[in-house]
Amino acid sequence: MRRGWPATAAAATLLLVLTACSEAPTTGREPEPSGSPSPSEGASPTKGGSTLPVADPEHAVEPPGPLEDRLYRPDMLIFDREPLSDDMIKRIRALPEVAAAEVIGLGNVAIENQLLTVAAVDGATFRRFTPAGSAQTQDVWDRLAGGELAIDPRLGRKLQDEDGNLALGSGDDAPVVHIGAYAPQPETIDMVVNEAWVEDIGRMVLGNGLIISTDEDDPSTIRKRVQAIVGDTASVQDLDIASRLGLDPTATQTAFLTGGSIADVVGTFNYQVIGGGRIAPDPAWVAANIATEAVPILGTVTCHRAIFPQLRAALEDVVAQGLADEINPGEYAGCYYPRFIAGSTTLSNHSFGLALDLNVPGNQRGTVGEMDRGVVAAFKRWGFAWGGDWSYTDPMHFEMAQLVDPR
């Protein structure tokens, strides 16, 4: 029999269900009556003759209809760089302990220095693995089918723009999706879109993720067998452990950056959680992607190889404007730092070596900061986003957001 649920996990699940029945999942930027769509450009008829909101016809799919199947507790999440083969999926589903399994697409998007997990799903069947309040709210899945995004409420309210949109990445070429519902998802998945979005979310693929429910069986009893089926490069995450600890410290994790042109040059790496908020990326990825080079003003820095041409150009621009004294090399806090954001299990963009922190003491989070705006403008000209523009400001932080040819 499967291990008992921790009291805190059971209470949290109950709270989500009760909250969903009274307040959430909500849709749009603020709570709205059920069935009241956020901005929509059209409607798709159901079999019963009613209409469903279609906010984005280009990314709309067939509406799912009412929930008819039972719900399953998500017990295990497989995340690989490439799609799992049909044979792998068939063998996993054949394991006697596996009650249900759902194939999805998985990727990570960097938003305001957070590496968040987005899943591309078939809402009609994926909903069975979501918390009851989300699964049983038809409007969530109608909006997903209409091209909108469903997201964890805390993240959605924090990251959306004034129109309720969310850019899946930090560059100008990152796809923008309208938030249709605040709806909790399975552990480690921050947001979901329908499968029509896959081609527009750079490097994302369908079939590289699999959610497994073992129902009454303990998922740890099949972990070794599942890992043997999918291979060593895939992450096999116990979601019960994730619900208690944030991430399964015994599992190999996958960082798979998608969304926008930056994702194409960064690559994908597996990593281990090593404690103290730090991670250990695959040494082969580090050797191929991380370098130490000299740049103006700051001297020798360690970053992703792809950042150096634009970083040099930005710093040379600062020097040319006579603003070199506005950057204090002694207050530089690093570029490549493989770690989680403090107090979380969300990877920072520093883990890819794509961000740097300048003039730290006078530019703390949540403040306007003291960063010279001429320096900010120079970095923006060379493809960097500035944390001072974020909803929760981080004025010390600059990150590579798009590719700019420095020639």
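Residues numbered from 1 in each chain as written. Predicted model: local features only at pLDDT ≥ 70, side-chain atom pairs only at ≥ 80, totals over all residues. Heavy atoms only, no water.

Let us look at the overall build of the protein chain. When helices and strands are tallied, the protein chain shows 12 helices and 19 strands. When the 407 residues of the protein chain are sorted by exposure, 53% land in the buried category. In the protein chain, of all internal contacts separated by at least 6 residues, the share reaching a separation of at least 24 is 68%. Just so you have it, the protein chain exposes about 17000 Å², and 52% of that area is on carbon and sulfur atoms. (Helix = DSSP H or I, 4+ residues; strand = E, 2+ residues; numbered from the N terminus. Buried < 20%, exposed > 50% of the residue type's maximum accessible area, 1.4 Å probe, protein only. Contact = heavy atoms within 4.5 Å. Areas by Shrake-Rupley, 256 points an atom, 1.4 Å probe, with all protein chains shown as cover.)

Moving on, we come to the sheet that holds strand β12 (residues 253-256). Taken together, 3 strands build an open sheet; the order of strands is β12-β13-β14 and the sheet is antiparallel. Since the sheet does not close on itself, it has two edges, and those belong to β12 and β14 (278-281), each with one partner. Strand-to-strand twist across the sheet, computed as the mean angle between neighbouring axes with direction ignored, equals 45°. Taken together, the 4 bridges between β12 and strand β13 (residues 268-275) define a ladder with antiparallel strand orientation. Bridge pairing in β13 links Q253 to Y271. (Pairing = 2+ DSSP bridges. Axes fitted to C-alpha atoms, helices over the stretch in contact; angles between N-to-C directions.)

Where charged atoms of side chains with opposite charge meet at close range, the side chains can pair. With the rule as written, the count across this model stands at 14 salt bridges. Across the pair R91 and D87 runs a salt bridge whose closest N-O atoms are separated by 3.7 Å. Taken together, the positions of R91 and D87, both in helix α2 (residues 86-93) and 4 residues apart, correspond to about one turn of that helix. With a relative accessible area of 41%, R91 lands in the partly exposed category. (Salt bridge = Lys/Arg side-chain N within 4 Å of Asp/Glu carboxyl O.)

On to the state of the cysteines. Under the defined criterion, the tally for this structure stands at 1 disulfide. Across the disulfide, C303 is cross-linked to C335 (sulfur-sulfur distance 2.3 Å). With the S-S dihedral at roughly 135°, the linkage between C303 and C335 falls on the right-handed side. Taken together, the residues C303 in strand β16 (residues 299-304) and C335 in the loop between α11 (308-320) and β17 (355-357) connect sequence positions 32 residues apart. On the basis of relative accessibility, which here comes to 2%, the residue C335 falls in the buried class. (Disulfide = S-S within 2.5 Å.)

At a minimum axis distance of 9 Å, the contact between α2 and helix α7 (residues 223-230) shows a crossing angle of 165°. Between α2 and α7, the interaxial angle falls into the category roughly antiparallel. Pair α2 / α7 crosses with right-handed handedness. Between α2, through M88, R91 and I92, and α7, the contact on the second element is made entirely by V226, I229 and V230. Here the contact of α2 with α7 is composed, by residue class, of 5 nonpolar, no polar and 1 charged. (Parallel < 35°, antiparallel > 145°, perpendicular 65-115°, else oblique. Left-handed = near helix turned anticlockwise from the far one by under 90°. Nonpolar A, V, L, I, M, F, W, Y, C, P; charged D, E, K, R; others polar.)

Under the defined criterion, the tally for this structure stands at 9 aromatic pairs. A centroid spacing of 5.2 Å and a plane angle of 75° characterise the contact between F379 and F384, whose relative ring orientation is edge-to-face. In terms of burial, F379 and F384 fall into one category: buried. An aromatic cluster is built from F269, Y271, W285, F340 and F352, whose rings are joined through pairwise contacts. (Phe/Tyr/Trp six-rings, centres within 6.5 Å; stacked < 30°, edge-to-face > 60°.)

Every buried residue of α7 is listed here: R223, V226, I229 and V230. Taken end-on, α7 shows its buried residues confined to a sector of 125°, consistent with a single buried face. In this structure, α7 carries K224 and A228 as exposed residues pointing more than 90 degrees from its buried face. Buried-residue contacts for α7 involve β3 (76-79), α2 and β11 (235-238). Phi turns positive one or two residues past the end of α7, at G231, with a value near 95°. (Arc of directions from axis to C-beta.)

Turning our attention to the pairing of strand β5 (residues 114-121). Of all 8 residues in β5, 8 are buried; the element is thus mostly enclosed. Here strand β4 (residues 100-111) runs beside β5; their pairing, made up of 7 bridges, is antiparallel. From the neighbouring strand, L106 faces β5, where its bridge partner is A119. Turn length for the β4-β5 hairpin, with the two strands adjacent in sequence and antiparallel, is 2 residues, and the turn residue E112 shows positive phi of about 50°. Pairing of β5 with strand β9 (residues 191-194) involves 4 bridges; the strand directions are parallel. Residue pairing across strands places A120 opposite V193, the latter belonging to β9.

A separate point is unusual backbone geometry. Negative phi characterises most residues that are not glycine, and trans characterises most peptide bonds. Even without a glycine there, the phi angle at D215 is positive, about 55°. Looking at the element boundaries, D215 is found in the loop between β10 (209-213) and α7.

What follows concerns the packing of α11 against helix α12 (residues 373-381). Relative to each other, α11 and α12 sit at 145°, their axes nearing to 8 Å. The chirality of how α11 crosses α12 is right-handed. Residues L311, A314, L315, D317 and V318 of α11 pack against V375, A378, F379 and R381 of α12.

So, on to the sheet that holds strand β7 (residues 165-167). Reading across the sheet, the 9 strands line up as β7-β8-β6-β9-β5-β4-β10-β3-β11 and stay open at both edges, with mixed pairing between neighbours. Whereas interior strands pair on both sides, the edge strands pair on one side only; in this sheet they are β7 and β11. Adjacent strand axes in the sheet meet at a mean angle of 35° when their direction is disregarded. Contacting β5, β6 (149-151), β8 (176-182) and β9, helix α5 (residues 138-145) runs over the sheet at an angle of about 55° to β9.

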